[in-house]
Structure formats: structure tokens, C-alpha cells
Amino acid sequence: MSDSIFDHDHHFPAADDPADIPAHLLRQTPLDLPNPAELEVLRHYTRLSQKNFSIDTQFYPLGSCTMKYNPRIAHAMAVLPGFARLHPDTPAPAMQGLLRVLWELQEWLAAVTGMAAVSLTPAAGAQGELAGVAMIRAYHAARGDQGRRKMLIPTAAHGTNPASARMAGFEVVEIPSLADGDLDMEALDRHLGADVAGIMLTNPSTLGVFERRIAEIAGHVHAAGGLLYYDGANLNAILGRVQPGRMGFDVMHLNLHKTFATPHGGGGPGAGAVAVQERLRPFLPLPTVTREAEGAWRWTSEADLPRSIGRLSAHGGNIGVLLRAHAYLRRLGRAGVGRVSVYAALNANYLLKELQRVGYQAAFPERRASHEFILGVSDLQQATGIRALDVAKRLLDFGIHAPTIYFPQLVPECLLIEPTETESKATLDRFVAVMARIRQEALEQPELLRAAPHHLPVGRLDEALAARRLDVAAVR
């Protein structure tokens, strides 16, 4: 008696069985695509993923972007079935757990920033900026102060600041910085007047230094009837130690996808929560979460805030990002939040001093770093023609992602470096050793840098051409 499974009464389809697809729907000629085996596909994409630069695999000192490690516990909390499977249109009584978490996050962010109220709905940092300046516009309009059409922005600001101000209908006026990195107070005072709605800045600034005269700036702007907007991009430098609200800022956004445990980069997801002082509370974007007297939570609506600037995203914003921020803050606690900025500043200042020791020039040598700092390589350019771009490309050969280059534009041939609080001293020391070697190569073998990178799947590209003539079509 045979024990073959084919001896039993089973139907096995033939290898070329079209599986009941009607004949007139079957393709008559083969599809012109690669046809590898499943194992080949798996290995191909696994190898590609291993060639990527990521915070999980390499040091990523990308200045102004806070590319730090994000603890896995925050992601684990965000994907709990009770959150992940909750439909956004679920009635409030059936989503009390989520509403409570979001309400707590609003309260915690208000406490961290020294502000009175928070809205979590903006879906990106730039949208948070737009919300902030839109609230400034609404505030002046509600007071009948229609002549305030100018927004002052330092030349060292993030590029999205002037764009957000323009989108909100303001005329942008640039305010220069002094040679020591501080804002030019004389230039500020020249522009202050009855036509100024406010000023957009961050502290520490994009120059990597703390604005020492911030209280004086706030006093002058407020005396002229304007408001202060805080760009939260550099909040990692002061988290848990200094509150923007106590510096005199009236409104700010927070990049929850940079500072509060959502992986940053690759185009999203993001969350640009906005925090305001009491006088701007009526204009917050909807919805926020409020707690009723009986202890239940609910979404707010236009009936609660009739002067709101409106809704910026569907439902309550990017909930997954907000849940990660909540888990991150709960895990750190009050003391842990302060340690974030302590170690971010320690790592930055250690790295700055070590890189100066091996020959690199600091853009502001008399100033301490905040959480990031700027190096200039103009001396290498003058000696050998090597530029910041060449240094950045050579770093890739050592498995280190390049820092931000040529930003801010005020410093020629610059690298903006941010180590973040999550990197070890061993990692920083290796970075210093690699940078020292690259500097030596720049002086002795400049052609080696001009042709870098040498050990990646793709060599030096014409990046402008690649962006303008992007071709991602499959080819045999």
C-alpha cells in the first residue's frame, strides 16, 4: 500500500493552473518586469536596508535635526491594540483612554514649556509654525490692530520661518546677528514699530549659541506691541531646564518628532504641537482635549473656542506621534527630562573642544556650544581647495552620516554638528579620530576627499542633476 499523499482523493492544481481567472482577462505576453525568486527578492531588499544610514546603525550628527535614538518602549506603547485599532470617529465615551493620554500630554508639554495651554493637532513642525503666526495675526485682528503686517525674523532662523510668515500674510523683515552670535539689538530697535506683529526666533539659535539678551529682546518687542514666537527646533538644548514661557515667548511649536521619541527623517511622520500664553488661548487650533467637571474627557469644538484659527488636520493630529511623546515623557519623569538637555549640552561641548584640539575652527570660539555647534573649514579651502561638502562625503566612508553643511549660510564652508544626548563617549571619540584623519587627508591627499565617497554603492553624484532628472524606473 502506497503512503504517497497523491494516492488520496485530493485535488492539486497544475503548476500553470490560472486559478479560475477567465481566459479573456489573462495576459497574452509576459509582463516586462524582473522575475526573481522570493528568496532573491528577500536578500536583495535586506542587503539594501543594510546599506542605509540610520540612527540604529550609525552615528548621525545632523545639526538642527536632533537625530537621536528613540527608545523602543515609546513605539511599543503607540502600537498597543487599544490605540492602533481605535477608529478616529469613535464617540468620546468609548475612547476615554486615548483622550486622557492626550490631555495628559497637553498638560505635560505646557509644564515643560512654561505655557498656559497646548494644542496637539498640527501635523508637522512647519504647520506648527504656521499655526503660531496665524494665532499672532488673529490676536492682533481681534484687538482691531490691523496695521501690524510685518514679522521680524533673524537671518540665522530656520528656512521655514520666513515661509510660514509669508503664508500667514506677513511681510518678512530680516534682523542680522552680531559677530558673537547674538541678535543685533540696534537693528531690532530700528525695525520695531506699530506695523510689527512680532518676531520669530529660537533660543539657542541656529548658530548653536544661547541668545543671552533674550529677556531684553522680549521687553523691547512687547513694549512695541508685538509678540514673540519660539521655534521649537532646538528645544532639546534646554528641555527640563529653561522654559520658553519664562524667556518671554508668547507662542511656540514643539517638534515632537525630534525631541520626543518619534524617529525623525525620511519625510515623516511629524507633529508640531503649539503652546501659548493665556492671551492666545482663545485662538488655539482645534480640536484640543478638555476634562469635564465629572472627570470625563472630550474633544473641544468651535463652540468652546469660537475665535480659534480653525482645524489643521483631520481629527486630533498624528496620534501615533503623540502617543510616543506621552510614553517618552512618562518614562523619563521630571528628573529624566532635565537629563536630556544636560547630556545633549555635555556631548556637544566635549565634541567641540576635541575637534578644536585636532585643528578644526569653531565659528564662535569664545562661546560655549548649546546642543550643537558650527565648525568652519575655510582654512582648508584656502590651503587645498577642500570644501565642507568634501569633508561630509568622506565621512560616509567611515560609516558616519554627514553633519548638516552650508547651514546657516552666515558661516562660510560650515558644518553644523549635533551629537545629541544618546551617544556614548566612545562614539564621540571615534568621530573625533575620524575627523582628525580627514583633516590630515585634506592637507596631504586632497584628491582623496574630492572623489569621496569611495566605499558606498554610489560614488559622488551630481546632486542637482539627480534631483532634476530623477529616474526610478525598473530597467533590465
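For the protein, the name recorded in an unreviewed UniProt entry is glycine dehydrogenase (aminomethyl-transferring), with Acidithiobacillus ferrianus as its organism. The UniProt entry for the protein carries this comment under Function (unreviewed entry): "The glycine cleavage system catalyzes the degradation of glycine. The P protein binds the alpha-amino group of glycine through its pyridoxal phosphate cofactor; CO(2) is released and the remaining methylamine moiety is then transferred to the lipoamide cofactor of the H protein." Per UniProt, the protein carries the Cofactor (unreviewed entry) text "pyridoxal 5'-phosphate".

**Re the packing of aromatic side chains**
Within this structure, the stated rule accounts for four aromatic pairs. Centre to centre, the rings of Phe59 and Phe431 are 5.3 Å apart; their planes meet at 80°, and the pair counts as edge-to-face. Here Phe59, found in the loop between helix 1 (38–51) and helix 2 (72–78), pairs with Phe431, found in helix 14 (residues 425–444); they are 372 residues apart in sequence, far enough to count as distant. Grouping residues by exposure puts Phe59 and Phe431 together as buried. Where Tyr230 meets Phe249, the ring centres are 4.8 Å apart and the plane angle is 80°; that geometry is what we call edge-to-face. Residue Tyr230 is found in strand 5 (residues 227–231), and its partner Phe249 is found in the loop between helix 9 (244–247) and strand 6 (251–253); the two are separated by 19 residues along the sequence. Phe249 sits in the buried class, given a relative accessible area of 0%. The aromatic ring of Tyr360 is capped on one face by Arg439, whose charged end is 5.3 Å from the ring centroid.

**Points about unusual backbone geometry**
In this structure, Pro287 follows Leu286 across a cis peptide bond, with omega equal to -5°. Summarising the element assignment, Pro287 is placed in the loop between strand 7 (274–276) and strand 8 (289–291). Here the bond from Ala452 into Pro453 is cis, since omega is 5°, no more than 30 degrees from zero. Looking at the secondary structure, you find Pro453 in the loop between helix 15 (446–450) and helix 16 (463–468). In the Ramachandran plot, Ala261 falls in the positive-phi region, its phi being about 80° despite a non-glycine side chain. Relative to the helices and strands, Ala261 resides in the loop between helix 10 (256–259) and strand 7. Even without glycine at this site, Glu413 takes up a positive phi of about 45°. Structurally, Glu413 can be placed in the loop between strand 12 (404–405) and strand 13 (414–417).

**Regarding the UniProt feature "domain: Glycine dehydrogenase C-terminal" (unreviewed entry) in the protein**
Mapped onto the present numbering, the UniProt feature "domain: Glycine dehydrogenase C-terminal" (unreviewed entry) falls at residues 342–443. Overall, residues 342–443 shows 50% helix and 12% strand. The separation of its end C-alpha atoms is 36 Å.

**Thoughts on the sheet that holds strand 12**
Read from one edge to the other, the open sheet built from four strands follows the order 10-11-13-12, with strand pairing classed as antiparallel. Two strands close off the open sheet at either side, each with one partner strand: strand 10 (361–362) and strand 12. In the sheet, strand 11 (residues 373–376) pairs with strand 13 via four bridges, with the strands oriented antiparallel. Within the sheet, the bridge partner assigned to Gly376 lies in strand 13 and is Cys414. Contacts from helix 11 (residues 319–357) reach strand 10, strand 11 and strand 13 within the one sheet, and its direction differs from that of strand 11 by about 15°.

**Describing the pairing of strand 2 (residues 150–154)**
The side chains of a regular strand alternate, first on one face of the sheet and then on the other. Burial analysis of strand 2 places four of its five residues in the buried class, which makes it a mostly covered element. Relative to strand 3 (residues 171–175), strand 2 is paired through five bridges, and the arrangement is parallel. Looking at strand 3, one finds that Pro154 is bridged to Ile175. Chirality of the crossover, the property in question, places the unit of strand 2, helix 6 (residues 160–167) and strand 3 among those that are right-handed. In terms of strand pairing, strand 2 meets strand 4 (residues 196–201) through three bridges, oriented parallel.

Thresholds applied
Residues numbered from 1 in each chain as written. Predicted model: local features only at pLDDT ≥ 70, side-chain atom pairs only at ≥ 80, totals over all residues. Heavy atoms only, no water. UniProt positions renumbered as here; feature names shortened; annotations may be inferred. Phe/Tyr/Trp six-rings, centres within 6.5 Å; stacked < 30°, edge-to-face > 60°. Helix = DSSP H or I, 4+ residues; strand = E, 2+ residues; numbered from the N terminus. Buried < 20%, exposed > 50% of the residue type's maximum accessible area, 1.4 Å probe, protein only. Lys NZ or Arg CZ within 6 Å of the ring centre and 35° of its normal. Pairing = 2+ DSSP bridges. Contact = heavy atoms within 4.5 Å. Axes fitted to C-alpha atoms, helices over the stretch in contact; angles between N-to-C directions. Right-handed = clockwise from strand over helix to strand, strands pointing away.

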